[in-house]
Amino acid sequence: MASYSINNLLNRSAIKLLFKVLKPFEARLVGGCVRDALLGVQSCDVDVAVSCPPKQLVQHLSSQEVKIFPTGIEFGTITAVIDHQNIQI
């Protein structure tokens with residue numbers, strides 16, 4: 001049995017808080033964090049896909065007082081800092 005699971009990932013405080021803040025939108029964990037959880041290993045890299053344009057997301061997260069960085073805004077990617085963890089959206 002895996003020592004780390006999707007439930008471990010979903011129960012991380014930063015993930016819980018992010019999904020609470022993103023409640024108005026459809027949001028999904030994607031990429032390496034999902035792969036690693038399925039393999040039973042913890043991942044430090046968390047990626048999230050959201051069902052809204054980057055500008056709208058920036059406005060929403062800013063209104064929720066979430067610190068953001070436009071790390072790849074030209075490609076639709078921003079980094080949110082939640083509970084001292086960087087999460088790429």
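Residues numbered from 1 in each chain as written. Predicted model: local features only at pLDDT ≥ 70, side-chain atom pairs only at ≥ 80, totals over all residues. Heavy atoms only, no water.

Caption draft 1: Just the pairing of strand β5 (residues 85-88), in detail. Across the two faces of β5 the burial differs, with Gln 85 and Ile 87 buried and Asn 86 and Gln 88 not buried at all. Alignment of strand β2 (residues 46-50) against β5, held across two bridges, turns out to be parallel. Each residue of the ladder has a partner; that of Asp 47, found in β5, is Gln 88. Summarising the sheet, strand β4 (residues 77-82) and β5 pair through four bridges and their orientation is antiparallel. Bridging from a neighbouring strand, Ile 82 pairs with Gln 85 of β5. (Buried < 20%, exposed > 50% of the residue type's maximum accessible area, 1.4 Å probe, protein only. Helix = DSSP H or I, 4+ residues; strand = E, 2+ residues; numbered from the N terminus. Pairing = 2+ DSSP bridges.)

Caption draft 2: Examining unusual backbone geometry more closely. Despite not being glycine, Asp 83 shows a phi value in the positive range, around 55 degrees. Topologically, Asp 83 is positioned in the loop between β4 and β5.

Caption draft 3: Molecular detail of the sheet that holds β2. One open sheet holds the five strands; their spatial order is β1-β2-β5-β4-β3, and the pairing between them is mixed. If you trace the sheet from one side to the other, it starts and ends with β1 (27-30) and β3 (67-72), each paired once. Each strand of the sheet is rotated relative to its neighbour by a mean of 35 degrees, with strand direction disregarded. The strands touched by helix α4 (residues 54-63) are β2, β3 and β4; relative to β4, the strand with the most contacts, the crossing angle is about 15 degrees. (Axes fitted to C-alpha atoms, helices over the stretch in contact; angles between N-to-C directions. Contact = heavy atoms within 4.5 Å.)

In short, shape yes, function no, at least from these values alone.
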